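Below, each chain spelled out in residue letters.
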Amino acid sequence: MPKRLIRYAVVGLGHIAQVAVLPAFGNARRNSRLAAIVSGDPVKREQVQKKYAVPNAYAYDEYDRCLASGEVDAVYLALPNHLHCDYAERAARAGVHVLCEKPMALDEAQCERMAAAARAAGVKLMVAYRLHFERANLEAIETARSGRIGEPRLFNSTFVTPVVPGNIRVRRETGGGVLWDVGIYCINAARGLFRDEPIEVGAATAGRLDEVEESVSCWMRFPNERLASFTASFGAAKVSSYRIAGTKGDLAVDPAYEYAKPLKHRLTIDGEVRERRFAKRDQFAPELLYFSDCVLQNRDPEPSAEEGLADVRIIRALYRAAESGHPVALAPFERRERQSLEQEIRRPPIDKPQVVHAEAPSGAGGQHP
Ligand code: NDP
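Worth saying up front: this structure is predicted, and the values here are computed from it rather than measured.

Conventions we followed
- Residues numbered from 1 in each chain as written.
- Predicted model: local features only at pLDDT ≥ 70, side-chain atom pairs only at ≥ 80, totals over all residues.
- Heavy atoms only, no water.
- Buried < 20%, exposed > 50% of the residue type's maximum accessible area, 1.4 Å probe, protein only.
- Helix = DSSP H or I, 4+ residues; strand = E, 2+ residues; numbered from the N terminus.
- Pairing = 2+ DSSP bridges.
- Right-handed = clockwise from strand over helix to strand, strands pointing away.
- Contact = heavy atoms within 4.5 Å.
- Axes fitted to C-alpha atoms, helices over the stretch in contact; angles between N-to-C directions.
- Phe/Tyr/Trp six-rings, centres within 6.5 Å; stacked < 30°, edge-to-face > 60°.
- Parallel < 35°, antiparallel > 145°, perpendicular 65-115°, else oblique.
- Nonpolar A, V, L, I, M, F, W, Y, C, P; charged D, E, K, R; others polar.
- Core = buried A, V, L, I, M, F, W, Y, C linked by side-chain atoms within 4.5 Å.
- Domains from an automatic or database assignment.
- Buried area = accessible area lost by both parts, 1.4 Å probe.
- Salt bridge = Lys/Arg side-chain N within 4 Å of Asp/Glu carboxyl O.
- Polar contact = N/O pair within 3.5 Å; in protein donor to acceptor, adjacent residues only side chain to side chain.
- 1 Å grid on protein atoms, 1.4 Å probe; cavity = no way out; pocket = protein on both sides within 12 Å on 5 of 7 lines; lining within 4 Å.
- Points joined across faces, edges and corners; volume = space filled by probe spheres on them.
- Near = heavy atom within 4 Å.
- Areas by Shrake-Rupley, 256 points an atom, 1.4 Å probe, with all protein chains shown as cover.
- Sits in = over half its atoms within 2 Å of the grid points.

(A) Main features of the pairing of strand S1 (residues 6-11). In terms of burial, S1 is largely enclosed, as five of its six residues are buried. With six bridges connecting them, S1 and strand S2 (residues 32-38) associate as parallel partners. Bridge pairing in S2 links Val 10 to Ile 37. Between the parallel elements S1 and S2, the chain passes through helix H1 (residues 15-24) in a crossover that is right-handed. Examined bridge by bridge, S1 and strand S4 (residues 74-77) share four bridges and lie parallel to one another.

(B) Summary view of the sheet that holds strand S15 (residues 328-329). Strand order across the open sheet formed by nine strands is S14-S13-S12-S11-S7-S10-S9-S8-S15, with mixed pairing between neighbours. Sheet topology places strand S14 (272-278) and S15 at the edges, where each strand pairs with a single neighbour. Inspection of the sheet shows strand S8 (residues 200-209) paired to strand S9 (residues 212-222) by nine bridges, in the antiparallel sense. Pairing of Leu 209 across the sheet is with Val 212, part of S9. The sheet strands contacting helix H6 (residues 135-146) are strand S7 (152-160), strand S11 (239-246), strand S12 (249-253), strand S13 (263-269) and S14, and the helix crosses S13 at an angle near 15 degrees.

(C) View of the packing of aromatic side chains. Under the defined criterion, the tally for this structure stands at 12 aromatic pairs. A ring pair is formed by Tyr 60 and Tyr 87, whose centres lie 6.0 Å apart and whose planes are at 85 degrees; its orientation type is edge-to-face. Highlighted residues: Tyr 60 in the loop between strand S3 (56-58) and helix H3 (63-68) and Tyr 87 in helix H4 (residues 84-93), separated in sequence by 27 residues. With relative accessibility at 8%, the residue Tyr 87 sits in the buried group. A centroid spacing of 5.5 Å and a plane angle of 90 degrees characterise the contact between Tyr 259 and Phe 284, whose relative ring orientation is edge-to-face.

(D) How the structure looks around the packing of H4 against helix H5 (residues 108-121). Where H4 meets H5, the axes come as close as 8 Å, and the angle between the chain directions of the two elements is 10 degrees. In terms of orientation, H4 lies roughly parallel with respect to H5. Here His 84, Cys 85, Ala 88, Glu 89 and Ala 92 of H4 come into contact with H5, specifically with Gln 110, Arg 113, Met 114, Ala 117, Ala 118 and Ala 121. Its residues assigned to classes, the contact of H4 with H5 comprises seven nonpolar, two polar and two charged.

(E) Structural detail: the nonpolar core. Ranked by internal contacts, the top residues of the largest apolar core, which has 87 residues, are Val 75, Leu 77, Phe 155 and Tyr 257. At 12 residues, the largest contribution of residues to this core is made by helix H7 (residues 178-194). Viewed by domain, this core spans two of them, domain 1 (1-133 + 281-303 + 339-369) and domain 2 (135-278), each represented by three or more residues. Counting 35 residues, the second-largest nonpolar core is a separate cluster that includes Leu 13, Phe 25, Phe 291 and Cys 294.

(F) The environment of Arg 148, seen in detail. Along the chain, Arg 148 falls in the loop between H6 and S7. By relative accessible area, Arg 148 is classed as partly exposed at 38%. Here the alpha-carbon distance between Arg 148 and Ala 74, two residues 74 residues apart in the chain, equals 40 Å.

(G) Representation of the domain arrangement of the protein. As assigned here, the protein comprises domain 1 (1-133 + 281-303 + 339-369) and domain 2 (135-278). Of note, the centres of domain 1 and domain 2, computed from C-alpha atoms alone, are 25 Å apart. If you look at the interface, domain 1 gives 31 residues, while domain 2 gives 32 residues. Here domain 1 meets domain 2 over a buried area of about 2,700 Å², counting both sides, of which 58% is carbon and sulfur. For the interface between domain 1 and domain 2, the tally reads two salt bridges. Among the ionic pairs, Glu 344 bridges to Arg 135, the shortest N-O distance being 2.5 Å. Remark: the boundary between domain 1 and domain 2 carries 12 residue pairs in polar contact (both at pLDDT 80 or more).

(H) Quick peek at the layout of surface pockets. By volume, the largest pocket is sized at about 710 Å³. When residues of the lining of the largest pocket are traced back to their parent elements, those giving at least two are H1 and H7. When residues in the lining of the largest pocket are grouped by element, the largest group, three residues, is from H1. Taken together, the residues of the lining of the largest pocket sort by class into 17 nonpolar, 13 polar and 10 charged. Two domains share the lining of the largest pocket, each providing at least three of its residues, namely domain 1 (1-133 + 281-303 + 339-369) and domain 2 (135-278). The calculated volume of the second largest pocket comes to roughly 480 Å³. Listed by contribution, the elements that provide at least two residues to the lining of the second largest pocket are H5 and helix H9 (305-324). Looking at the lining of the second largest pocket residue by residue, the classes come out as 10 nonpolar, two polar and 10 charged.

(I) Structural context of the site of the ligand. Lining the immediate surroundings of the ligand are 27 residues, of which Ser 39, Lys 44, Tyr 60, Asn 81 and Arg 130 lie closest. Interatomic distance of 2.6 Å between a side-chain N/O atom of Asn 81 and an oxygen atom of the ligand. Between Arg 169 and the ligand, the recorded distance is 2.7 Å, taken from a side-chain N or O atom to an oxygen atom. For the ligand, whose unbound accessible area comes to 880 Å², protein coverage reaches 85%. Most atoms of the ligand, that is more than half of them, are within 2 Å of grid points of the largest pocket.

Structure below.
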């Protein structure tokens, strides 16, 4: 009998794991199962295991045993950014496929190590870019590609989300920083919409929140005289929008990056305005469904290690630009594959579950990308 189900261990039971990843398994039954959880918190292990009837629960010092148990085919890494590389490499070396939260890692060398480990072991590695399976984002990309707004020339975006002190996003040792957490969405959107890679970037930071910058404004120069700019921040009320302007019209998406709200388009072509609302959906089950199919059908995922690296190298260049006060040139980078509408997967929204010892980045009860 050919194998039809991929068994996952979800590693790290923080906010995103509990509000989005664990419940998504209910929407991904076709090819995915929750087989194990890995957590450093015994109360979480006990309560989450019971709630989702998970066959096995492990502590971090039992991670390698979990990988070797023969009970899991893949891991979903929902750990702080500084742990993505180590946990991904160990999984790959054990022959276990890796679905890793964004950002892929904290520098290019870590990304290369993860990709090399996956290649050497013959396992799949995907970075969890949920918007690569979501219709509002994919249609925006299709609109830009189709020529409906003419030739896309300019991208502009604002992504602001409040974060409380002490969160992993504002601590250095856990890989905090505005660009790693939310700026990455703006970068990924600009690259997807222009279907290209920037050649030069500049940035300025402002303010301080715990150990990281509070806000950052960035520009990215793309080939053929196209410009992208964005402001990302932890220091104001929520804004989540972008606009792509072409020679004949423009498309504004607002909200653009959320997983807990309907997303909206406002398309203007030759002065005529059309608005569209995209229903709220589960954006995490599609990642599981897509990744499990990649494993089962031996296909390489589109949000690949290369896609993860493409954003990481830009983030690093932007921080260098902000530190030096000078623009930073980027080496040519070829991205072989781009997201497309064919990747859309629709699943109904999930009800927000009760969480155990986990807090939203913006404080109790909040939502966050
Ligand atoms: P949380 O801080 O809520 O959770 C992180 C979890 O990692 C902790 O609860 C803990 O789980 C575990 N952990 C292990 N070691 C450490 C450590 N040294 N310090 C802190 N936590 C540790 O973060 P989020 O869930 O918000 O984010 C986790 C990852 O998911 C990040 O990479 C983030 O970028 C990404 N993310 C992606 C989103 C998306 O939309 N795709 C949205 C939000 C986050 P335990 O107690 O079980 O051991």
